[in-house]
Amino acid sequence: MKLNPVYDPKTLNQSKVYMIEGTRYKYLRIDGSRKNIKYVFSPLPSQKKTKEISLNETRLSIRCQEIQGMTYEPSKEQTAVQMGLL
């Protein structure tokens, strides 16, 4: 498993998997204002941690690493349930 540091937040992608402090996460969204931008991540279903985390740009470059070659795609069943709720 090769890890690549994330120095530029523009490279974040919702289909890629990221390692943050030993846990695998998927990228969700950007929160906050222009001066206080936070990058929000959610742990993958098979991980022990269950809460979303948010990192500012400095912490992102220190803690976040992209797992090269690993992608995340939600299961079709999960997508169907989400569509049913709408």
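The structure this text deals with has already been given above.
Model, not experiment: these values are computed from the prediction.

## Remarks on the environment of Y25
At step 1: Position of Y25 among the secondary structure elements: in strand 3 (residues 23–32).
At step 2: Taking relative accessible area as the criterion, Y25 reaches 2% and is therefore assigned buried.
At step 3: Taking the C-alpha atoms as reference points, Y25 and P43, separated by 18 residues in sequence, lie 4.1 Å from one another.
At step 4: With near-sequence residues (within four places) excluded, Y25 lies in contact with K16, V17, Y18, I20, F41, S42, P43, L44, K49, K51 and I53.

## Observations regarding the pattern of salt bridges
At step 1: Per the stated rule, a full pass over the model turns up four salt bridges.
At step 2: The salt bridge partner of E21 is R63, with a shortest N-O separation of 3.3 Å. A residue pair is termed long-range when its members are at least 10 positions apart, and E21 in the loop between strand 2 (16–20) and strand 3 and R63 in helix 1 (residues 57–63) qualify at 42 residues.
At step 3: The residue E52 makes a salt bridge to R29 at a minimum N-O spacing of 3.3 Å. Note that E52 is positioned in the loop between strand 4 (37–43) and strand 5 (53–55) and R29 in strand 3, a separation of 23 residues in sequence.
At step 4: Overlapping salt bridges, with partners in common, bring together R29, D31 and E52 in one network.

## So, the environment of I67
At step 1: When you line up the elements, I67 lands in strand 6 (residues 64–71).
At step 2: Considering only alpha carbons, one finds I67 and Y25, 42 residues apart in sequence, at a separation of 9.9 Å.
At step 3: Dropping the residues within four chain positions of it, I67 is found in contact with M1, K2, L3, V17, Y18, M19 and R24.

## Description of the nonpolar core
At step 1: Counting residues in hydrophobic clusters, the biggest one holds eleven residues: V6, L12, Y18, I20, Y25, Y27, Y39, F41, L55, L60 and C64.
At step 2: Counting residues per element, the ones that place at least two in this core are strand 2, strand 3 and strand 4.

What counts and how
Residues numbered from 1 in each chain as written. Predicted model: local features only at pLDDT ≥ 70, side-chain atom pairs only at ≥ 80, totals over all residues. Heavy atoms only, no water. Helix = DSSP H or I, 4+ residues; strand = E, 2+ residues; numbered from the N terminus. Buried < 20%, exposed > 50% of the residue type's maximum accessible area, 1.4 Å probe, protein only. Contact = heavy atoms within 4.5 Å. Salt bridge = Lys/Arg side-chain N within 4 Å of Asp/Glu carboxyl O. Core = buried A, V, L, I, M, F, W, Y, C linked by side-chain atoms within 4.5 Å.

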